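Architecture and fold: a report
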Amino acid sequence: MWKLLIDNYSLYALFKPHWIVLAIFVTYFYYKKIIRFPAYQVTSTQKKYFFTAIISFLLVSSTPIDVIGNDYLFSAYVLQLAVQFFVVIPLLILSIPRAFYRRNIWDYRIKFVLNIAGHPWLTLFLFSGLLSVFLLPSVHSFFQEHFILMVIARIVLFVDGIFMWWIIINPLPEMTQLPYILRAAYIFFASVFLIPIGFFYIVIQKAQFSLYSAVAGDIIPGFTAIYDQQLAGASLKLFQLSSYAIALLFILIKWRKEEEDNGDDDRLKNIRYARGVVIHLPDKDNPPKK
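Notes on the structure follow. Along every chain, residues carry numbers that run from 1 in the direction the sequence is written. The predicted nature of this model means local features are confined to residues of pLDDT at least 70 and side-chain atom pairs, given and counted, to a pLDDT of 80 or more, with totals for whole chains, interfaces and linings taken over all residues. Each side-chain value is worked out from all heavy atoms of the structure, with water and hydrogens disregarded.

1. Re helix α5 (residues 64-71)
Operational definition: Here's how the labels work: a residue is buried when its accessible area is under 20% of the maximum for its type, exposed when over 50%, partly exposed in between, all with a 1.4 Å probe on protein chains only. Starting at the N terminus, helices and strands are each numbered in turn, a helix being any DSSP run of H or I of at least four residues and a strand any DSSP run of E of at least two. Two residues qualify as a contact provided that any one of their heavy atoms is within 4.5 Å of a heavy atom in the partner residue.
All of the buried residues along α5 are P64, D66, V67, I68 and G69. Tucked inside the fold, the buried residues of α5 contact α1 (2-8), α2 (11-15), α4 (44-61), α6 (74-95) and α14 (210-214).

2. Examining the nonpolar core
To keep things clear, this is the line we draw: We define a nonpolar core as any set of buried Ala, Val, Leu, Ile, Met, Phe, Trp, Tyr and Cys residues linked to one another through side-chain atoms lying within 4.5 Å.
Core analysis: the largest hydrophobic core is formed by 45 residues, its most contacted members being F86, L131, F134, L135, W165, I168 and Y244. Top contributing element to this core by residue count: helix α11 (residues 147-169), with 10 residues. Aside from chain neighbours lying at most four places away, what touches Y244 is F86, F127, M164, W165, I168, I187, A190 and S191. Residues L5, Y72, L73 and I219 belong to the second largest nonpolar core, which totals 10 residues.

3. Comments concerning the packing of helix α9 (residues 120-134) against α11
Definition in use: To define axes, lines are fitted to C-alpha atoms, for helices over the stretch in contact only, and angles between the resulting N-to-C directions are given on a 0 to 180 degree scale. Each helix crossing is assigned a hand: it is left-handed if the near helix lies turned anticlockwise from the far helix by less than a right angle, otherwise right-handed if that turn is clockwise. Any residue outside Ala, Val, Leu, Ile, Met, Phe, Trp, Tyr, Cys, Pro, Asp, Glu, Lys and Arg is labelled polar, Gly included; the first ten of those are nonpolar and the last four are charged.
Relative orientation of the contacting elements α9 and α11 amounts to 145 degrees, with a least axis distance of 9 Å. The handedness of the crossing between α9 and α11 comes out as left-handed. Across from P120, T123, L126, F127, L130, L131 and F134 in α9, the residues of α11 making contact are M150, A153, R154, V156, L157, D160, G161, F163, M164 and I167. Residues belonging to the contact of α9 with α11 are distributed by class as follows: 13 nonpolar, 2 polar and 2 charged.

4. Structural notes on a nonpolar patch on the surface
In plain terms, the rule: Patch definition: residues with relative accessible area over 30% and no salt bridge; like charges joined within 9 Å; nonpolar side chains (Val, Leu, Ile, Met, Phe, Trp, Tyr) joined within 5 Å. Method for areas: the Shrake-Rupley scheme with a 1.4 Å probe, in which residue coverage is limited to the protein chains shown. In the sections that follow, a salt bridge refers to a side-chain nitrogen of Lys or Arg positioned within 4 Å of a carboxyl oxygen of Asp or Glu.
Together, L122, L126, L130, F142, F147, I148, L149, V151, I152, I155, V156 and V159 give the surface a local cluster of nonpolar side chains, amounting to about 1,000 Å² of exposed area. Those elements giving two or more residues to the nonpolar patch turn out to be α9 and α11. Looking at the element boundaries, V156 is found in helix α11.

5. Comments concerning the side chain of D66
Tracing the chain through its elements places D66 in helix α5. Overall, the relative accessible area of 12% leaves D66 in the buried class. Here D66 is in contact with K16, V60, S61 and Q80, once residues within four sequence places are set aside.

6. Description of the packing of aromatic side chains
Heads up, the condition is: Classification of ring pairs rests on two measures: the distance between centres of Phe, Tyr or Trp rings, Trp counted by its six-membered ring, which must be within 6.5 Å, and the angle between planes, read as stacked under 30 degrees, edge-to-face over 60 and tilted in between.
Following the criterion strictly, the structure yields 27 aromatic pairs and no others. Ring plane angle 80 degrees and centroid distance 5.3 Å describe the contact between F50 and F51, whose orientation is recorded as edge-to-face. With 5.7 Å between their ring centres and 85 degrees between their planes, F86 and Y244 make a pair best called edge-to-face. Remark: Y244 occurs in helix α15 (residues 225-268) and F86 occurs in helix α6; sequence separation between them is 158 residues. What makes Y244 buried here is its relative accessible area of 2%. A connected cluster of aromatic rings, assembled from ring pairs, spans F85, F86, F127, F158, W165 and Y244.

This is how it looks when you write it as structure tokens:
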């Protein structure tokens, strides 16, 4: 495999140094403008989220995985998409402190644009629908033949993915006031809408891409085009369902904690302390029955 890649591609094509330069620039910005900025309190967890996102992005974008995905294995291409959309984007959103969003996004012009472009259900249908269409054999083959269109399609999907995860993570509650129950439903429908395209590649028993079929076995001996498609479908569902399951778990935990805190507040609002003695005042909202 390595001899095949080295003989046919330059080091620049294999390791994409422009992505490394971009990652260094983004990391510098994060350190200088966010971590070192006095107004923001960046936790160690947020720093871990950020560097995990950057490393994950480089692993699939600035390594031979990119070349393999474009020219040899459809499963490698889908792996790259899955990592970028279901790992990198949510971790980057989580890595930024809420004060940064309030300072730079809580502007009525940006807020207006986000409220339109980031409408919950519109974003859900757009991202899941566009990604499903993009991965259809005929559509994907068409984009592979037109590099500029491929770049535009990837940018559109990435931006739409940001809006989708913005709704799920809800970094500014005062801006996207979506109840916990609707966010849970949002995640459920997001996972359901991508099931057809994932299972299509898992169950189909006919090679769908002439490009990948022509080089089947060159990278992994004995790895047929059918196996490649099945692994692509499985990878997509694994990353998608895993990321959504984790997000749903965090939402449910936060929801339960908030309900418990509200319950504690209701119980404590009629309690007073006088010289170490606990006094329970009558509840005006729920007077005792006679």
